[in-house]
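# Chains, contacts and geometry: an overview
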Amino acid sequence: MSVIIETERLNLHTWTNEDTVPFIEMCADRKVMEFLSEPLTPDEAKTTIRRIKDHFKKHGFGLYALEKKDTKSFIGFTGFMIPNFEHYFTPCIEIGWRIKNDEWKQGYATEAAKACLNFGFKKLGFEKVYSFTSIHNLASQRVMQKIGLHNKGRFYHPLLDPNHFLCEHQLYCIAKNEFDQFFKL
Ligand SMILES: CC(C)(COP(=O)(O)OP(=O)(O)OC[C@H]1O[C@@H](n2cnc3c(N)ncnc32)[C@H](O)[C@@H]1OP(=O)(O)O)[C@@H](O)C(=O)NCCC(=O)NCCS
């Protein structure tokens, strides 16, 4: 395991075999998947891990696995992706997160996402980072706001049926200089 980013309470690291079982459990949880899709089967979760690893190989960055330093346990992921659909704001870098339900509301997503943004702007050379989620996903939008992203309005996700309740998305964005200003770096 290589720790790529360290925060006060978390190690953000490359994926190991030990992450597979807790990842499968997290993605089988209906509450975690409420605004994403149906809960994933174990095979679907394993395919997701393969995709995450492929993304790292192809781009050199991706969704980092999160380990709580005190218990050494897997609690989710946070990091970057390149969206696989066309829209006026793509191609772009997207930041995203998923945390185990029993670890919610303790500031982990915000802590990991702030550290990722800093890493993205300072080490990976990103100029702008986007994030988006269903308009119903208030927790995720709150994380976006807490790390300084601006609301850029709504859009209909082109890969979803327009009548699907998750289709309408809220788009957020932050530029490198805005991140520095927001956190007074
Ligand atoms: C979104 C998610 C990652 C947030 O993780 P978290 O570790 O609980 O987030 P934080 O503890 O850093 O909380 C960030 C803010 O969101 C708020 N928040 C958390 N859950 C919330 C909820 N269900 N509704 C409204 N606000 C919520 C927190 O109170 C906090 O805001 P505050 O400091 O103003 O009180 C987590 O809910 C999750 O994994 N959800 C399922 C997966 C998902 O939707 N991922 C995003 C897909 S785009």
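See above for the structure.
Predicted model, so just to flag it, every value in this text is computed and none were measured. (Residues numbered from 1 in each chain as written. Predicted model: local features only at pLDDT ≥ 70, side-chain atom pairs only at ≥ 80, totals over all residues. Heavy atoms only, no water.)

## Here's the deal with the pairing of strand β3 (residues 63-68)
Most of β3 sits out of view: six of its six residues are buried. The alternating pattern of β3 places Leu63, Ala65 and Glu67 on one face and Tyr64, Leu66 and Lys68 on the opposite face, and all of these are buried. The sheet contact formed by strand β2 (residues 10-13) and β3 spans four bridges and is antiparallel. By the bridge assignment, leucine 10 is partnered in β3 with lysine 68. Direction of pairing for β3 relative to strand β4 (residues 74-81): antiparallel, over a ladder of five bridges. Each bridged residue has a counterpart across the sheet, and for alanine 65 the counterpart in β4 is phenylalanine 77. Taking the residues that link successive antiparallel strands as the turn, the β3-β4 hairpin has five residues, and the phi of lysine 72 there is positive, at about 60°. (Buried < 20%, exposed > 50% of the residue type's maximum accessible area, 1.4 Å probe, protein only. Helix = DSSP H or I, 4+ residues; strand = E, 2+ residues; numbered from the N terminus. Pairing = 2+ DSSP bridges.)

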